[in-house]
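Coordinate analysis (summary)
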Amino acid sequence: MANAGLISGTGFALDLSGTTGTVSNSGTIVGPTALRLNSGATLAGLVNQGTIIGNILNLSATVLTLSGGVGLGTYTGAHGGQATVSSTLANVALGGGQLLLNDRVDVSGHTLVNTGAAVVLDTVVSVTGAYAQAGGSLNLTSSSARLVVDGTALVTGGTVMASPDGAANYLVGALVGTLVQGGAGSSYAGVTVASGVTGLAVAGRTDGTALLATAVNDYVGGTLSTLDNSGVIAAPTAVHVASGGQVGTLNNSGTLGGSRAAFPTPAPSARSPTAG
């Protein structure tokens, strides 16, 4: 089944029973419930590179696979709000492609599994149940975006990308953001944490059951009259001052390692007894 136009309904836009192959959407599917998969039904997968507006309800005991496309596919609620993806008898798999997830997910007793999709979050998205990621990516496109999981979050591979405020200042060790807030038993061993802000280098660390991003270089997006360093900064760019940033004086009594430093014009005055 392929849709490149509009499928809408006052109750259910798509109400599926029996066996259905892949539903491919490059248009719009909209309804209070955009898709219902009934008990005993099977669906090969939902590939969306358009927009799906409304709840998605899986009443079957088979895995529901949601994917994006080469272009970004959006799963959302009416008027920009959040809808709900509900599958309490089986897992939900994020199967591949690029997808914007602006829906709550209820997989109570089961797991939301990222099997290789590039998942974009632009706000807080909650998961009732567990979350697992061994590949793919979770890209947070705003400083307030995060994944909140009330069950176990097992992020053992792939990438989680933070996109903090590029006009702020982040010095070495500063908290850049909370990326995933998991429940008891959560683990983030093996994940790569990256930055969506040019010049800001980050690393992941855990705090209880949460995955955080912290700065590993000095990044200045605002204004600092003085920037002091007495430690060792070994990031590729030890100090990055963004085009809208400004530093009056750089005092370095430690080591600025890496291969480069990035300053706007004019550069700050520097006092540096030790340069790496």
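What comes next is a walk through the structure. (Residues numbered from 1 in each chain as written. Predicted model: local features only at pLDDT ≥ 70, side-chain atom pairs only at ≥ 80, totals over all residues. Heavy atoms only, no water.)

**Digging into the overall build of the chain**
Looking only at helices and strands, the chain has 0 helices and 32 strands in total. Dimensions along the principal axes, computed over C-alpha positions, put the chain at roughly 75 × 40 × 25 Å. Long-range pairs, those at least 24 residues apart, make up 38% of the contacts in the chain between residues at least 6 apart in sequence. As displayed, the chain has an accessible area near 11300 Å², and 53% of this comes from carbon and sulfur atoms. Distance between charge centroids for the chain: 5 Å, based on 6 positive and 9 negative side chains. (Helix = DSSP H or I, 4+ residues; strand = E, 2+ residues; numbered from the N terminus. Contact = heavy atoms within 4.5 Å. Areas by Shrake-Rupley, 256 points an atom, 1.4 Å probe, with all protein chains shown as cover. Lys, Arg positive; Asp, Glu negative; His and termini not counted. Charge placed at Lys NZ, Arg CZ, Asp CG, Glu CD.)

**A look at the pattern of salt bridges**
Counted according to the given criterion, the structure contains 1 salt bridge. For the salt bridge of Arg36 with Asp15, the shortest nitrogen-to-oxygen distance reads 2.8 Å. In this pair, Arg36 sits in strand 5 (residues 28-37) while Asp15 sits in strand 3 (residues 12-16), placing the two residues 21 residues apart along the sequence. With relative accessibility at 39%, the residue Asp15 sits in the partly exposed group. (Salt bridge = Lys/Arg side-chain N within 4 Å of Asp/Glu carboxyl O. Buried < 20%, exposed > 50% of the residue type's maximum accessible area, 1.4 Å probe, protein only.)

**Describing the pairing of strand 14 (residues 118-121)**
In terms of strand pairing, strand 12 (residues 98-101) meets strand 14 through 3 bridges, oriented parallel. The residue of strand 14 that forms the bridge with Gln98 is Ala118. Summarising the sheet, strand 14 and strand 16 (residues 137-140) pair through 4 bridges and their orientation is parallel. In the strand pairing of strand 16, Leu121 is matched with Leu140. (Pairing = 2+ DSSP bridges.)

**A word on unusual backbone geometry**
Positive phi outside glycine occurs at His79, with the angle close to 55°. Structurally, His79 can be placed in the loop between strand 9 (73-76) and strand 10 (83-86).

**Re the side chain of Asn139**
Along the chain, Asn139 turns up in strand 16. You can call Asn139 buried: its relative accessible area is 18%. If we ignore the near neighbours within four places in the chain, the residues touching Asn139 are Ala118, Val119, Val120, Leu121 and Met161.

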